[in-house]
Amino acid sequence: QELWRREAVWTDTLTPEELKRWTDWLPNLPLMEELQFRRVLIPCLPDDHESVQIHVFADASERASACASYIRVTYKDGRPVYTNFIQAKCNIAPIKVKRTIPKLELMGIHSAARLADNLCRILDIPKEDATLWSDSKTALQWLRMEPTTLLPLVHNYSQKIKGFFPVDQIRWVPGEHNVADVATRPKTVKELLDLAQ
């Protein structure tokens, strides 16, 4: 995005700062082979399940908005709850129009709602069994306000989100427990591997 902002082309030389960021990131490449994800989303037969839920977390920073989805399976026989990562999406913050963090958080919730809606349809899970999570109290408050009192962008995104899920399925999570935070702030692969343990 920064290269785009300064209208760089493929033949341009990187600035010293850009080159440093690239050389600092390069050692991450071989570590990516160590990232592993379980492939089974819903283990066992449907008759064994007490419940199957989708949880989608949304977050934003001045650089990006993101969402990360997980599945949570409980069993009738009391075996441990099974959770697994499904999918994540990340969008870079707009360049031309500066958005406030709460507005970007609202856009992140919208991405989470779209992702949850798609996953419910694809995995044949009732939409009532999906929960969206955000650490933005401002964005969550906007969703609970009378739409006519909101500014146009906030109003439009609030209406889109509520078109996917009712407000009582969109909840608050403390920032330190919001897993979508990983996508909105720069992290090394080593840090990601440490988080997974």
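Structure first, text after, so check above.
Note that the structure is predicted; figures quoted are calculated from it, not measured.

S.K.: How should the side chain of His49 be read in this particular structure?
M.R.: If you trace the backbone, His49 turns up in strand E1 (residues 49-60). With relative accessibility at 12%, the residue His49 sits in the buried group. Among the polar contacts listed, one links the side chain of His49 to the backbone oxygen of Pro43, at a separation of 2.9 Å. Beyond its immediate sequence surroundings of up to four residues, His49 is in contact with Ile42, Pro43, Cys44, Val73, Thr74, Tyr75 and Lys76.

S.K.: Which parts of the structure should I look at to understand the packing of helix H4 (residues 101-123) against helix H5 (residues 137-144)?
M.R.: Between two packed helices, both the angle of their axes relative to each other and the distance between the axes serve to describe the pair. Direction vectors running N to C along H4 and H5 enclose 65°, while the axes themselves pass 8 Å from each other. Regarding the angle of H4 to H5, the classification is roughly perpendicular. Where H4 crosses over H5, the handedness of that crossing is right-handed. Across the interface between the two elements, Pro102, Lys103, Glu105, Leu106 and Ile109 of H4 pack against Thr138, Ala139, Leu140, Trp142 and Leu143 of H5. The residue inventory of the contact of H4 with H5, partitioned by class, reads 7 nonpolar, 1 polar and 2 charged.

S.K.: Honestly, the sheet that holds strand E5 (residues 170-172) in this entry has me stumped. Any pointers?
M.R.: Backbone hydrogen bonds are what pair the strands of a sheet, in a parallel or an antiparallel way. With respect to topology, 5 strands assemble into an open sheet ordered E3-E2-E1-E4-E5, the strand pairing being mixed. Here the strands that pair on one side only, and so sit at the sheet edges, are strand E3 (82-92) and E5. In this sheet, adjacent strand axes meet at a mean angle of 25° when their direction is disregarded. One ladder, built from 11 bridges, connects E1 with strand E2 (residues 64-75); its direction is antiparallel. Across the sheet, residue Ala60 finds its bridge partner in E2, namely Ser65. Where H4 meets the sheet, its contacts fall on E1, E2, E3, strand E4 (130-134) and E5, and the angle it forms with E1 comes to roughly 155°. Sheet strands in contact with H5 are E4 and E5, and its direction is about 145° off that of E5.

S.K.: I'm lost on the pattern of salt bridges in this one. Help?
M.R.: Where charged atoms from two side chains of opposite charge approach closely, those side chains can pair. Taken as a whole, this structure holds 6 salt bridges when the rule is applied. One salt bridge connects Arg6 with Glu18, and the closest N-O pair in it is separated by 2.8 Å. In this pair, Arg6 sits in the loop between helix H1 (2-5) and helix H2 (16-25) while Glu18 sits in helix H2, placing the two residues 12 residues apart along the sequence. Judged by its relative accessible area of 35%, Arg6 is partly exposed. According to the relative accessible area criterion, Glu18 is buried, its value standing at 15%. Residue Asp194 is joined to Lys190 by a salt bridge in which the shortest nitrogen-to-oxygen separation is 3.1 Å. Of this pair, Asp194 and Lys190 both sit in helix H8 (residues 189-196), separated by 4 residues, roughly a single helical turn.

Reading the values: rules and limits
Residues numbered from 1 in each chain as written. Predicted model: local features only at pLDDT ≥ 70, side-chain atom pairs only at ≥ 80, totals over all residues. Heavy atoms only, no water. Helix = DSSP H or I, 4+ residues; strand = E, 2+ residues; numbered from the N terminus. Buried < 20%, exposed > 50% of the residue type's maximum accessible area, 1.4 Å probe, protein only. Polar contact = N/O pair within 3.5 Å; in protein donor to acceptor, adjacent residues only side chain to side chain. Contact = heavy atoms within 4.5 Å. Axes fitted to C-alpha atoms, helices over the stretch in contact; angles between N-to-C directions. Parallel < 35°, antiparallel > 145°, perpendicular 65-115°, else oblique. Left-handed = near helix turned anticlockwise from the far one by under 90°. Nonpolar A, V, L, I, M, F, W, Y, C, P; charged D, E, K, R; others polar. Pairing = 2+ DSSP bridges. Salt bridge = Lys/Arg side-chain N within 4 Å of Asp/Glu carboxyl O.

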